[in-house]
Protein chains: 2
Amino acid sequence: MDQDPKLAEKITEEIAKRLERSKSDIPVGISNRHFHLAQEDWDALFGKGTEPRKFRAVKQPGFWAAHEVVAIEGPKGRIDNIRLVAPHRAKTQIEISKTDAQIIGLKPPIRDSGDLAGSTGVRIIGPKGTIEVKEGLIIARRHIHFHPLEAKAMNIKDGEVVRVRAGINGQRELVFEQVLCRVSDKFSLELHVDTDEANAAWLKNGDNVNIV
Amino acid sequence: MDQDPKLAEKITEEIAKRLERSKSDIPVGISNRHFHLAQEDWDALFGKGTEPRKFRAVKQPGFWAAHEVVAIEGPKGRIDNIRLVAPHRAKTQIEISKTDAQIIGLKPPIRDSGDLAGSTGVRIIGPKGTIEVKEGLIIARRHIHFHPLEAKAMNIKDGEVVRVRAGINGQRELVFEQVLCRVSDKFSLELHVDTDEANAAWLKNGDNVNIV
């Protein structure tokens, strides 16, 4: 059989990289439904001159869950007690699961955080007012956060797409394809999935998964 | 390199089998929460001497969804409008998703249908009475139903465990590992997943998946 010796070299290199990566445990962070607010939407929902109050830290540095919650409403129903994640952002963004979307009767797209153009509008009900946002309702695309040092150790580049094996040897073992890697010095190593994905793979917060 | 010639033969055979299998589309059937009743539990919930009324057929021959619904209740909450699937069985069985289980605050195990020993108890509320079953609440293990002719065509044996790829090239593409194959002349080709699994893989009823 004629073979390009460079091909064997490249494949060996790729396999070595994958074997090395697969040794690193990645902790899972499950994103329950939550939202981020633009300042003007905060003012309309919670009242001008007020500020969100910290409820607890989340794993990604600088972000925190607030005491404040809202309801969202669509043509088929309403979901209460959706928690604010602060600090505020340039644009209001509401992240829910497909299960949630079916409850309220809307069809938000799967999007990366911040990619909101043409996403779904929704009614948001706060203690001081109700607003209708024209876009901002999304189902977050699963992704892994890496600090640059973690990315370097695992030979990962920002924007790379990988496969992640979860629940090894359990009855709900599965492989998530198309997992986006995001690298930033504001990040800490964590796979973010939503509640549907976590429940499908029988994952709980802090469980470990591996790139394969 | 010394190699067992039988090994190459076996691997070639296995790969040929997998390539052949992967060409067959398998339609997806999403199991929403539902329940099956033993006659005595029907009597207690809906009244002795009454019969379930057919709402619509389901894909598996001989089974049908009934008009009758119940609520179930656990320590954290209640879920209404859970639909009966008839005809009755020897034992009462309630199939919910992990998302549902979190709503009511119970921890049912993942089980094959009918394997109820030591599963979770729950309160069931019907129009004519309320019962407390000691076991019967489960999260169904995903599985594929095959008619024997379909199993033969795809070289599948009853009890075999396979991998299923879903949502090819989409952002929610994934591979379900540990999928049980069940073969019976009462079955018709269908992958059964629950709503968490369907939503994680962005599947709707009738979408096609493949064994890989």
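Just so you know, these numbers come straight off a predicted model, no measurement behind them. Residue positions are given per chain, counting from 1 as you read along its sequence in written order. Lettering of chains starts at A and numbering of ligands starts at 1, both following the order in which they are written. Totals for whole chains, interfaces and linings use all residues, but because this is a predicted model, local features are given only for residues with pLDDT of at least 70 and pairs of side-chain atoms are given and counted only at 80 or more. Excluded from the side-chain calculations are hydrogens and water; all other atoms, namely the structure's heavy atoms, are used.

Student: Even after reading the chapter, I still don't get helix 2 (residues 39–46) of chain B, so can you show me in this structure?
Tutor: One full turn of an α-helix is made of 3.6 residues, so residues set three or four places apart face in the same direction. All names here are of chain B. Residues of helix 2 that are buried include every one of Asp-41, Trp-42, Asp-43, Leu-45 and Phe-46, and no others. In this description, contact between two residues means that some pair of their heavy atoms is separated by no more than 4.5 Å. Labels follow the DSSP assignment, with helices taken as runs of H or I lasting at least four residues and strands as runs of E lasting at least two, numbered in each case from the N terminus. Structurally, helix 2 contributes buried residues whose contacts are with strand 4 (64–74), strand 5 (77–86), strand 8 (120–125) and strand 9 (130–140). Positive backbone phi, approximately 105°, marks Gly-47, located one or two places after helix 2. We call a residue buried when its accessible area falls under 20% of the maximum for its residue type, exposed when it is over 50%, and partly exposed in between, using a 1.4 Å probe and counting protein chains only.

Student: In this structure, what is going on with the side chain of Glu-68 of chain A? I would like to understand it.
Tutor: Structurally, Glu-68 of chain A is set in strand 4 (residues 64–74). Apart from residues lying up to four places away in sequence, Glu-68 of chain A is in contact with Phe-35, Trp-42, Phe-46, Glu-51, Pro-52, Arg-53, Ile-82, Arg-83 and Leu-84 of chain A.

Student: Just checking my understanding: could you explain the confidence of the model for chain A for this structure?
Tutor: In regions of low pLDDT, the predicted coordinates are not meant to be interpreted in detail. Values of pLDDT, which run from 0 to 100, indicate the predictor's confidence residue by residue. Residues of chain A with pLDDT of at least 70 account for 99%, and the chain-wide mean is 94. Our summary of model confidence lists the complex with pTM equal to 0.92 and ipTM equal to 0.90.

Student: Looking at this structure, I do not really get empty space enclosed by the protein. What am I missing?
Tutor: All names here are of chain A. In this analysis the probe radius is 1.4 Å and the grid spacing 1 Å, with only protein atoms considered; a cavity is a set of points the probe fits into but cannot get out of, a pocket is an open set with protein on both sides within 12 Å along at least five of seven lines, and lining residues have an atom within 4 Å of a point. Grid points are joined across faces, edges and corners, and a volume is the space filled by probe spheres set on the points. Scanning the model with the defined rule gives one cavity of 30 Å³ or more in all. Estimates place the volume of the largest cavity at around 80 Å³. In terms of lining residues, the largest cavity is bounded by Ser-31, Asn-32, Arg-33, His-34, Glu-95, Ile-96, Ser-97, Asp-100, Ile-139, Ala-140, Asp-194 and Thr-195. Class assignment for the residues of the lining of the largest cavity results in three nonpolar, five polar and four charged. Each residue is assigned to one of three groups, with Ala, Val, Leu, Ile, Met, Phe, Trp, Tyr, Cys and Pro labelled nonpolar, Asp, Glu, Lys and Arg labelled charged, and all others, Gly among them, labelled polar.

Student: When you look at the layout of surface pockets in this model, what are you seeing that I'm missing?
Tutor: If you roll a probe as big as a water molecule over the atoms, it shows you where there is empty space left. Residue and element names in this part refer to chain B. Here the second largest pocket is characterised by a volume of approximately 1,100 Å³. When the residues that make up the lining of the second largest pocket are grouped by side-chain class, the tally is 11 nonpolar, 16 polar and 15 charged. Boundary definitions for the domains trace back to an automatic or database domain assignment. When we break the lining of the second largest pocket down by domain, the ones giving at least three residues each are domain 1 (22–29 + 142–211) and domain 2 (32–140).

Student: Is there a simple way to think about the interface of chain A and chain B in this case?
Tutor: Quoted interface sizes are often the accessible area lost when the parts come together. Contact with chain A, which involves 27 residues of that partner, is made by 27 residues of chain B. For the pair chain A and chain B, the summed buried area comes to about 2,500 Å², and 49% of that belongs to carbon and sulfur atoms. A 1.4 Å probe defines the accessible area here, and the buried area is the portion of it lost by two parts on being joined, summed over both. Among the residues chain A hides against chain B, the three largest losses belong to Gln-171, Arg-172 and Trp-202 of chain A. Together they make up 26% of the total. Salt bridge, as used here, is a side-chain nitrogen of Lys or Arg placed within 4 Å of a carboxyl oxygen of Asp or Glu. Our enumeration of links across chain A and chain B arrives at six salt bridges. In this structure, Arg-165 of chain B engages Glu-177 of chain A in a salt bridge whose closest nitrogen and oxygen atoms are separated by 3.0 Å. Pairs of N or O atoms are called polar contacts if they sit within 3.5 Å, as long as, within protein, a hydrogen donor faces a hydrogen acceptor (for residues adjacent in sequence, only side-chain-to-side-chain pairs). Run the count over chain A and chain B and you get 15 residue pairs in polar contact (both at pLDDT 80 or more). Of all the elements in the fold, those that place two or more residues in the side of chain A that touches chain B are helix 3 (98–104), strand 9 (130–140), strand 11 (161–166), strand 12 (174–183) and helix 5 (195–200) of chain A. The leading source of residues in the side of chain A that touches chain B is strand 12 of chain A, at five residues. Looking at the side of chain A that touches chain B residue by residue, the class counts come to nine nonpolar, seven polar and 11 charged.

Student: Looking at this structure, how should I read the relation of the copies chain A and chain B?
Tutor: There are two copies of the chain, and a rotation about an axis plus a shift along that axis relates them. Residues below a pLDDT of 70 in either copy are left out; the C-alpha atoms of the rest, at least 70 in both, set the least-squares superposition of the copies. The transformation that overlays chain A on chain B combines an axial shift of 0.0 Å with a rotation of 180°, and the residual RMSD is 0.0 Å. Seen this way, the second copy is the image of the first under a two-fold rotation axis. The share of interface residues of chain A whose copies in chain B are also at the interface is 100%, consistent with both copies meeting through the same surface.

Student: Before we go on, may I ask you to explain the pairing of strand 5 of chain B in this structure?
Tutor: Consecutive residues of a regular strand have side chains that alternate between opposite faces of the sheet. All names here are of chain B. Note on pairing: DSSP must find at least two bridges between two strands before they are called paired. Two strands pair when backbone bridges link them, and strand 2 (residues 34–36) and strand 5 are joined in this way by two bridges, in the parallel orientation. Pairing of Phe-35 across the sheet is with Leu-84, part of strand 5. Summarising the sheet, strand 4 and strand 5 pair through seven bridges and their orientation is antiparallel. Across the sheet, the residue bridging to Val-69 is Arg-83, located in strand 5.

Student: Explain the domain arrangement of chain A to me, please; I cannot follow it from the model alone.
Tutor: Residues and elements named next belong to chain A. Partitioning chain A into domains gives domain 1 (22–29 + 142–211) and domain 2 (32–140). Summarising the inter-unit geometry, the C-alpha centres of domain 1 and domain 2 are found 24 Å apart. Contact residues are listed per partner, giving 14 residues for domain 1 and 12 residues for domain 2. Here domain 1 packs against domain 2, burying approximately 950 Å² in sum over the two surfaces, 42% of which is carbon and sulfur. Taken as a group, Ser-188, Thr-195 and Asp-196 account for 36% of the area that domain 1 buries against domain 2, more than any other trio of residues on that side. At the boundary of domain 1 with domain 2, the tally comes to zero salt bridges. Joining domain 1 to domain 2, the criterion identifies six residue pairs in polar contact (both at pLDDT 80 or more). Of the residues belonging to the side of domain 1 that touches domain 2, the class tally is four nonpolar, four polar and six charged.

Student: How should I be thinking about the pattern of salt bridges in this particular structure?
Tutor: It is possible for side chains bearing opposite charge to pair when their charged atoms get close. Throughout the structure, instances matching the rule amount to 34 salt bridges over all chains. Note that Glu-197 of chain A is salt-bridged to Arg-172 of chain B, the shortest N-O span being 3.5 Å. Of this pair, Glu-197 of chain A sits in helix 5 while Arg-172 of chain B sits in the loop between strand 11 (161–166) and strand 12 (174–183), each in a different chain. Comparing Glu-197 of chain A with Arg-172 of chain B shows no difference in burial state: the two are buried. In this structure, Lys-17 of chain B and Glu-14 of chain B form a salt bridge, with 3.7 Å as the shortest nitrogen-oxygen distance. Within this pair, Lys-17 of chain B and its partner Glu-14 of chain B are both found in helix 1 (residues 5–22), separated by three residues, close to a single helical turn. We classify Glu-14 of chain B as partly exposed; its relative accessible area is 31%. Connected via shared salt-bridge partners are Arg-142, Asp-194 and Glu-197 of chain A together with Arg-172 of chain B.

Student: Can you help me understand unusual backbone geometry in this one?
Tutor: Trans is the common state for peptide bonds, and a negative phi is the common state for residues other than glycine. The omega torsion across Ala-86 of chain A and Pro-87 of chain A is 0°, close enough to zero to call that bond cis. With respect to the helices and strands, Pro-87 of chain A occurs in the loop between strand 5 (77–86) and strand 6 (93–95). For Asn-169 of chain B, which is not glycine, the phi torsion reads 70° and is therefore positive. Structurally, Asn-169 of chain B is set in the loop between strand 11 and strand 12.

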